[in-house]
Each structure stands twice: as C-alpha cells, then as structure tokens.
Amino acid sequence: MLLLFKQFFTNYIVMSALVGWFAAQGLKIVTGYFKNKKFNIVDAMFGSGGMPSSHSAAVMAAAVSTCIAFTPASFEFAIAGVLAMVVINDAMGVRRQVSKQAVILNKLVIDVINAENEENREKRLKELVGHTPLQV
C-alpha cells in the first residue's frame, strides 16, 4: 500500500496536475480579493467557478506533462489532450450556461415569489458555476 502511495505521489504527470490545480486555486484568493475587496479563502480554495479555472489548469498541466513524457504522437497524450478539450469545453460551454440560467432563475425568485424572507433567500441557486474564456 505504501508503494502505491509513493508511486502515485512521485508520478510526474499527477504532480503537474495537482500543482496546476493548487496554483489556480491559490490565485483565486488574490483575484477574489480584487473583485470583492475581502479575503474568502474557503470559497476560493474549494468553490467552483471564478478566475482562473482550476479544472482547466489541472487538465492542461496533465496534458502538457504527458506530451513531454510520452511525445505528441503517443496514445497517452491523445487521451490527456482529449480529456483537456472536454473539460475546457465544459467549463466554457455547459457550466457557463448553467451560471447564466441561475442568475435569471434567482431574479425570477426575487421578483415573482418575493424571496425577501429568510426561508426563500437560502434556496438561491449558485450563480458562479462556469467560466468565461478569459478565466479558462
């Protein structure tokens, strides 16, 4: 079991992806401060959406390190590259549209259902789910 953990945490590609993810999540603290004028470390480190995209950073780091380790013609890079394209497309497409829909639905809740009382306010949808192309 220890050998398995050692192999996992000494894997160049896994470590590249983890460093990319942690770096992007760390940068969210800085960009979140400039946007909101307050530090929110928990949301920045564990929340989804925002600048930069940690999912995109992780899959791109994995794809680039796979390309370096196995060459661009390898099936390993083909898998990593296709995975990166799917994740990035999802971040900019589907998840971004979900964010836009959440904004509209939350506005409807406020306008139509009168969400000013505490009970309805907690039921608001999360609006920051996807990413803009710049964030990705």
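Our subject is the structure listed above.
Participant: If you had to explain the overall build of the protein chain to someone new, which residues and values would you point to?
Facilitator: Each helix and strand in the protein chain was counted, giving seven helices and zero strands. Each helix and strand of the protein chain, ordered N terminal to C terminal, gives the series α-α-α-α-α-α-α. Across the protein chain, contacts joining residues at least 24 apart in sequence account for 65% of those joining residues at least 6 apart. Accessible area of the protein chain: about 9300 Å², with a carbon and sulfur share of 71%.

Participant: Just give me the short version of the packing of aromatic side chains, but keep the residues and values in it.
Facilitator: The tally for this structure, following the rule as stated, stands at two aromatic pairs. Look at Phe8 and Phe9: their rings are 4.9 Å apart centre to centre, the planes differ by 90°, and that puts the pair in the edge-to-face class. Overall, Phe8 belongs to the partly exposed group, its relative accessible area being 41%. Assessed through its relative accessible area of 45%, Phe9 is described here as partly exposed.

About the thresholds
- Residues numbered from 1 in each chain as written.
- Predicted model: local features only at pLDDT ≥ 70, side-chain atom pairs only at ≥ 80, totals over all residues.
- Heavy atoms only, no water.
- Helix = DSSP H or I, 4+ residues; strand = E, 2+ residues; numbered from the N terminus.
- Contact = heavy atoms within 4.5 Å.
- Areas by Shrake-Rupley, 256 points an atom, 1.4 Å probe, with all protein chains shown as cover.
- Phe/Tyr/Trp six-rings, centres within 6.5 Å; stacked < 30°, edge-to-face > 60°.
- Buried < 20%, exposed > 50% of the residue type's maximum accessible area, 1.4 Å probe, protein only.

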